[in-house]
Every structure is written in structure tokens, then in C-alpha cells.
Amino acid sequence: MGEDDIRRSLMRISHEILEKNKGAQELVLIGIITRGWYLAQRIGKNISMIEGVEIPVGALDVSPFRDDEKRTPKDSDRSKIDFDITDKHVVLVDDVLFTGRTIRAAMDGIISRGRPKSIKLAVLVDRGHREFPIRPDFVGKNIPSAKDSEIIKVRLKEFDGEDGVYILKVGEAL
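Residues numbered from 1 in each chain as written. Predicted model: local features only at pLDDT ≥ 70, side-chain atom pairs only at ≥ 80, totals over all residues. Heavy atoms only, no water.

Next up on the list: the sheet that holds strand β1 (residues 27-32). The strand order across the open sheet formed by five strands is β2-β1-β3-β4-β5, and the pairing between neighbours is parallel. The sheet is open, and its two borders are formed by β2 (57-60) and β5 (138-142), each paired with just one other strand. Taken pair by pair, the neighbouring strands of this sheet meet at an average axis angle of 25 degrees, ignoring direction. In this sheet, β2 lies alongside β1 in parallel orientation, the contact comprising four bridges. Across the sheet, the residue bridging to Leu29 is Val57, located in β2. On the sheet, helix α1 (residues 3-21) packs against β1, β3 (89-97), β4 (118-126) and β5 and is oriented at approximately 150 degrees with respect to β5. Contacts between helix α3 (residues 101-111) and the sheet are confined to β1, β2, β3 and β4, with β3 contributing the most and set at about 155 degrees to the helix. (Pairing = 2+ DSSP bridges. Helix = DSSP H or I, 4+ residues; strand = E, 2+ residues; numbered from the N terminus. Axes fitted to C-alpha atoms, helices over the stretch in contact; angles between N-to-C directions. Contact = heavy atoms within 4.5 Å.)

Written out as C-alpha cells, the structure reads:
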């Protein structure tokens, strides 16, 4: 996916979120740090442009809630959610959906901050190979990949200096 593909996918996701939510009321976006947060900000800008209202956008650090070796202590949580999520429709945003473990950790992180009305999932790329029963509600692109020999690398201007989605062989540099 190139820059234009990403832009179009995010605009389509923005429209789908508004359609499913019947507008922007009670809607908040929470992006998973790092690239999910930048995608959530872009979707938030799109929704603002479409609906003429600002919606809250937060960043969630899932590392304190992981169930694997990537776990960090809760006191090192880098999340930036300065709004109440209780009774809100939360759209969780991430760059790539793979096994579902990150999303499971993210749901724990969200629920630890309040009780939302609903949690929906928006991802730029769904590569399959789920280990948990998690499915996205909004998908930019489905990119089938080999579980053990390929990776999907998302690059965003805000963090990487360019927009692009790449399929790489494990160990291959971009």
C-alpha cells in the first residue's frame, strides 16, 4: 500500500465508523501506541472534517496488559487518555491485526479505565493467523501472509517519515 492507498483506506474507515455509529455522538478513538495512535489521529481528523465536530482521541500503551514477554510494569504506562470512556462507543485503532494478543491486552487496558458502551476495532491491515477470537469491525486492507516467514511492516510519516505498507521476509530489512 502506498500513501494514497492508506489515505483512501482511512477515509473509508472513517465513513464506516460514522455510518455504524450513526454519527459522532458518544464516539471516542483510542489508538494503540505507536502507529495505531497516529492512525487514530488521522481518522479523528477525517471525522472532524466530515461531521464538523471534534471527537476525543487517545493513545493506549498495551505493554502493561500483555500476557507475554513484552509486558512492562503498570507504572511505566505511556497511555494518554484524558477523557472519560464510560458509556462511550470506543473505536480501538491499530496498524496490523495478527494474532489478536495486542488487541486482547488493549481491551484490558480500556476496561481498566472505565466501562464503555461498546468497543469496536479498526485496523489498517488484517494479516490473519488469529490466536484469539478477535475480528476487526473496520479494515483498510486484508493482506494474506505466511505466518512464520513473512511480516507486515507499516510505515507512517509521523513516525517513520513516509507512508507505506510492506510485506517482508522474516529478517529482511526495509
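In globular proteins that are soluble, nonpolar side chains generally tend to be buried together. Ile17, Ile43, Ile47, Leu124, Val125 and Val165 are the most contacted members of the largest nonpolar core, which has 27 residues in total. Contributions of two or more residues to this core are made by α1, β1, α2 (35-51), β3, β4 and β6 (150-155). If you look at the next biggest cluster of nonpolar residues, it comprises 20 residues, including Leu60, Val62, Ile85 and Val139. (Core = buried A, V, L, I, M, F, W, Y, C linked by side-chain atoms within 4.5 Å. Buried < 20%, exposed > 50% of the residue type's maximum accessible area, 1.4 Å probe, protein only.)

According to UniProt, the "short sequence motif: PRPP-binding" (unreviewed entry) feature falls on residues 90-102. Secondary structure over residues 90-102 splits into 15% helix and 62% strand, and the C-alpha atoms at its two ends are 16 Å apart. (UniProt positions renumbered as here; feature names shortened; annotations may be inferred.)

This brings us to unusual backbone geometry. Excluding glycine, most residues fall at negative phi; most peptide bonds, likewise, are trans. Omega for the bond connecting Ile33 with Thr34 falls within 30 degrees of zero, at 20 degrees, which places this linkage in the cis form. Among the structural elements, Thr34 can be located in the loop between β1 and α2. Backbone geometry at Asp87 places phi at a positive 65 degrees, although glycine is not the residue there. Note that Asp87 resides in the loop between β2 and β3. The backbone phi angle of His129 is positive, close to 70 degrees, even though this residue is not glycine.

Under the criterion given, the structure shown has two aromatic pairs. An aromatic cluster is built from Trp37, Tyr38 and Phe159, whose rings are joined through pairwise contacts. (Phe/Tyr/Trp six-rings, centres within 6.5 Å; stacked < 30°, edge-to-face > 60°.)

Before going further, it helps to examine the packing of α1 against α2. One can describe the packing of α1 onto α2 by two numbers: an axis separation of 9 Å at closest approach and a directional angle of 60 degrees. Classified by the angle between their axes, α1 and α2 sit oblique to one another. Considering only the axes of α1 and α2, their crossing is right-handed. Where α1 abuts α2, its residues Ile6, Leu10, Met11, Ile13, Ser14, His15, Ile17 and Leu18 lie against Leu39, Arg42, Ile43, Asn46, Ile47, Met49, Ile50 and Glu51. (Parallel < 35°, antiparallel > 145°, perpendicular 65-115°, else oblique. Left-handed = near helix turned anticlockwise from the far one by under 90°.)

Attention now goes to the side chain of Arg42. Tracing the backbone shows Arg42 in helix α2. Within the structure, Arg42 has its side chain in polar contact with the side chain of Glu158 (distance 2.7 Å). In this structure the side chain of Arg42 is engaged in a polar contact, spanning 2.8 Å, whose partner is the side chain of Asp163. Once you skip the residues sitting within four places of it in the chain, Arg42 turns out to touch Ile6, Leu10, Leu156, Lys157, Glu158 and Asp163. (Polar contact = N/O pair within 3.5 Å; in protein donor to acceptor, adjacent residues only side chain to side chain.)

Right, let's get into α2. Look at α2: 24 Å from first C-alpha to last across 17 residues, which is about the 24 Å you get at 1.5 Å a residue. Of all the residues in α2, the buried ones are Arg35, Gly36, Tyr38, Leu39, Ala40, Arg42, Ile43, Gly44, Asn46, Ile47 and Ser48. (Expected span 1.5 Å × (residues − 1).)

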